[in-house]
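# Structural overview
These are the residues of each chain, in order.
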Amino acid sequence: MIDQLILGGINGIVWGLILALITLGLSLILTMDVPNVAHGELYMIGAVIGFFAIDKLGFFWPGLGVAIVVVFFLGVAIERGILRPIEDDPIRILIATFGLIFVFQHVALIVFGGAPRRIEPPITESFHALSFDYPIYRIVVGIIAVIILIGLYFMLYRTKFGLWIRASTQDRDMAMAMGIPVNRVFMWTFGLGAALGAIGGVLASPILAIEYSMGLEMTVLAFIVVIVGGIGSLKGTLIGAIIIGELEGIGSVLLNPTEARMISLLVLAVVLLVRPKGLFKR
Amino acid sequence: MGSNPMERKLFALNKEILYYFIFTVVVIVIAILQPFLGYFYKVLVTQILVFSIFAMGFNVLFGYTGELSFGQSIFYGLGASTVALTIQHLSGGFLTSILFAVIVCLGAAWLIGFFAIRVTGLYFAIITIIFSVVMYLAALNWKWIAGGDDGLTFRVPAWKFFGTTISFHNLTNDYYFALIFFVIAFLIYKRIVESPYGKVLQSIRENELRASVIGYNVKRIKLTSFIVAGGFAGLSGALNANLISHYTSANLFTIAVSGEPVIWTLIGGSGTIAGPIIGTAIMVLFINYVSTTFRNYLIFIGILIIVVIIATPKGIMGILNSVYEKRRRKT
């Protein structure tokens, strides 16, 4: 039982780190006042593109690269083509991106089919600890996620582009007056957020299975994590993601997965109601 | 608008009479048309009548109060499930099951609204999404609610009056029952929206802070508006279960169902009385035509939503109204 709980705990951390990648993508997008409810679909599309790219190329890591690039430009195109004309009204953006959900889901259904499929992990070895074998791939995924998170931190707080992002999201008009190309910053930021979703999708697909309908649940999870952690807060999002990863990881040892998911959602709903500005914002 | 108050009143009265006149004509046409319709169109009209009740309730919440809820499938699904449970376990009939469904949905809307109304705008939309996902997972997990993924089928017991029986598994009867409930629901809806209460809802939509400063209890009024929307959604779900599908399942709780009234209302014109009904009619017809030729028709619906929201946020009624206003200004 204890072993099982530890296993659940480790799984929870890995899942939480993947979740953190995806939700940070959403968090970046949300700081621009763009409630993109199709973010989970970008995660799904990323996984699907990754699946085909890996199938064609024969290697995992280049396939991941292809998925990132394609989804990045897909995100840029969405921002440019669909969201730009309605960017001042979050509710209209929410509805437009809701429309995107249908488009993405059913395009994926046509090209990918309805049955869930799995990508072969690039590392199949596992190591033995306590009384279970743990796949090394998951540990590697966790490490990659940590590296990307650190890179993101440096990009946001140590580079000029990061400064531009923070300035544009804090005060649009002022940033524009300072000569920052706000529209272009928003466009690239949206692409970046979408790419983060795609990375999460491809990394998770050897662990979970790819399904055309998996995006919506991810959207819900990501939105909750972002809001609980506080929009735009890197630390808050990371902690929120780990909490939900643990709730599900340990919860699914004690309950069935559906009940674990229900409980973690309800816990987060309560947090959202008590502290609408997020756990870590004063 | 005329500058003279008398003239303005007369205009309002004229518009009111015109409105009821058009409504009566439409209802009579639908009633008379029934024998001439084939199986396919009979089902379609029944569906439009039942679904537009769903959209009306949503319009009270979104169009008039200005709060976007993506959780209306909770009440739609609960309405259908309550009907199934009442008929199966309490041996209830048509009217009792509908009554129970509406009561359950009003209660559920009060409970969920009590929490959800604490946040507004984007957060409100998200918290309703969370609740609807939790409800969907519950319905999937606990089979007694709606039979899980497979669903529950049931037979609605027929009415017996002195030797004549009225069956609910008969298209013609279903058609007229749907029409009767549609008329009742529409009159209630129109009354709610045009009453002083409806004006308060609009004032909250336009400026929440100002409405609260004037002295309205904004949270409580929003809660009542959410309850109204929940009740209409429950009625619609109950009617659909009783008259059209005779079936309930966990899939009625999905977010796609929540999205339907959003689409219908937006396309018809949110915040207008006739908008949700027109939107529902157009979309139900559109979906039925497209889905017969193209299996993944939801792609078109997605594109349609995006186009409508970018091109005309006020929907079809918005376009009609602006044309009407232009005409009036000319004369």
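See the structure above.
Reference entry: report on the structure contained in this document. (Residues numbered from 1 in each chain as written. Chains lettered and ligands numbered in written order. Predicted model: local features only at pLDDT ≥ 70, side-chain atom pairs only at ≥ 80, totals over all residues.)

Helix and strand counts for chain A come out as eleven helices and two strands. Mapped from its N terminus to its C terminus, chain A presents α and β elements in the order α-α-α-α-β-β-α-α-α-α-α-α-α. A globule of 282 residues ought to have a C-alpha radius of gyration of about 19 Å, and chain A, at 19 Å, matches this closely. Taking the principal axes of the C-alpha coordinates as reference, chain A spans close to 60 × 45 × 35 Å. For chain A, the residues scored as buried account for 49% of the 282 residues in total. (Helix = DSSP H or I, 4+ residues; strand = E, 2+ residues; numbered from the N terminus. Rg over C-alpha atoms; globule rule 2.2 N^0.38 Å. Buried ≥ 20, exposed ≤ 12 C-beta atoms within 10 Å, placed from the backbone.)

On a plain count of helices and strands, chain B comes out with 14 helices and four strands. Compactness check: chain B gives a C-alpha radius of gyration of 20 Å against a globular reference of 20 Å for 331 residues, within 12% of the reference. Dimensions of chain B, computed from the C-alpha atoms along their principal axes, are close to 60 × 50 × 45 Å. Across the 331 residues of chain B, 47% fall into the buried class.

It is worth spelling out the interface of chain B and chain A at this point. It is common to report an interface's size as the accessible area lost on association of the parts. Opposite the 32 residues of chain B that make contact, chain A presents 35 residues. For the side of chain B that touches chain A, the elements supplying multiple residues, two or more each, are helix H5 (121-141), helix H11 (255-268) and helix H13 (298-311) of chain B. Element by element, the count of residues in the side of chain B that touches chain A is highest for H5(B), at 13 residues. Residue classes in the side of chain B that touches chain A are distributed as 27 nonpolar, four polar and one charged. (Contact = placed C-beta atoms within 7 Å. Nonpolar A, V, L, I, M, F, W, Y, C, P; charged D, E, K, R; others polar.)

Its 24 residues give helix H3 (residues 60-83) of chain A an end-to-end C-alpha distance of 33 Å, which sits within 8% of 34 Å, the value for a rise of 1.5 Å per residue. As for H3(A), its buried residues are in contact with helix H2 (39-57), helix H4 (90-112) and helix H8 (182-204) of chain A. (Expected span 1.5 Å × (residues − 1).)

All right, on to the nonpolar core then. With 191 residues, the main nonpolar core has A:Ile18, A:Val71, A:Ala198, A:Ile224 and B:Ile130 as its most contacted residues. It is helix H2 (residues 39-64) of chain B that provides the largest number of residues to this core, a total of 14 residues. Not counting the four nearest positions on each side in its chain, A:Ile224 is found in contact with A:Leu265, A:Leu268, A:Leu272 and B:Ile130. (Core = buried A, V, L, I, M, F, W, Y, C linked by C-beta atoms within 7 Å.)

Take the pairing of strand E2 (residues 132-135) of chain A next. Residues and elements named next belong to chain A. Inspection of the sheet shows strand E1 (residues 126-129) paired to E2 by four bridges, in the antiparallel sense. Opposite His-128, over in E2, you have Asp-133 as the bridge partner. What sits between the antiparallel neighbours E1 and E2 is a turn of two residues, in which Leu-130 has the positive phi angle 50 degrees. (Pairing = 2+ DSSP bridges.)

Turning to the packing of helix H1 (residues 2-31) of chain A against helix H10 (residues 234-254) of chain A, a few remarks are in order. Residue and element names in this part refer to chain A. In contact at an axis separation of 6 Å, H1 and H10 are set at 145 degrees when each is read in the N-to-C sense. Crossing of H1 over H10 shows right-handed handedness. Split by residue class, the contact of H1 with H10 holds 13 nonpolar, twelve polar and two charged. (Axes fitted to C-alpha atoms, helices over the stretch in contact; angles between N-to-C directions. Left-handed = near helix turned anticlockwise from the far one by under 90°.)

Moving on: helix H8 (residues 196-206) of chain B. All names here are of chain B. Listing the buried residues of H8 in full gives Val-200, Leu-201 and Ile-204. The buried residues of H8 occupy an angular sector of 105 degrees when the element is viewed end-on, so they sit on one face. Exposed residues on H8 whose side chains face more than 90 degrees from its buried face are Pro-196, Lys-199 and Glu-206. The inward-facing, buried residues of H8 contact H2, helix H9 (208-214) and helix H10 (218-245). (Arc of directions from axis to C-beta.)

Unusually for a residue other than glycine, A:Asp33 sits at a positive phi of about 65 degrees. By the secondary structure assignment, A:Asp33 is in the loop between H1 and H2. Given 16 C-beta atoms within a 10 Å radius, A:Asp33 is considered partly exposed. Even without being glycine, B:His246 reaches a positive phi, approximately 50 degrees. On the secondary structure map, B:His246 appears in the loop between H10 and strand E4 (247-248). Taking the number of C-beta atoms within 10 Å as the measure of exposure, B:His246 has 20 and is therefore buried.

Right, let's talk about the packing of helix H4 (residues 94-116) of chain B against H10(B) for a bit. All names here are of chain B. It is the contact of H4 with H10, at a shortest axis distance of 8 Å, that shows an interaxial angle of 145 degrees. As H4 packs across H10, the resulting crossing turns out to be right-handed. For the contact of H4 with H10, the per-class residue count stands at 18 nonpolar, seven polar and no charged.

Within the element layout of this structure, A:Leu64 appears in helix H3. For A:Leu64 and A:Gly200, which are 136 residues apart along the polypeptide, the C-alpha to C-alpha distance reads 9.9 Å.

Residues and elements named next belong to chain B. Tracing the backbone through its elements, the reader meets Val-27 in helix H1 (residues 5-33). Its 16 C-beta neighbours within 10 Å are what place Val-27 among the partly exposed residues. Note: C-alpha distance between Val-27 and Gly-38 (eleven residues apart in sequence) is 18 Å. When sequence neighbours within four positions are dropped, the list of residues in contact with Val-27 reads Leu-179 and Val-183.

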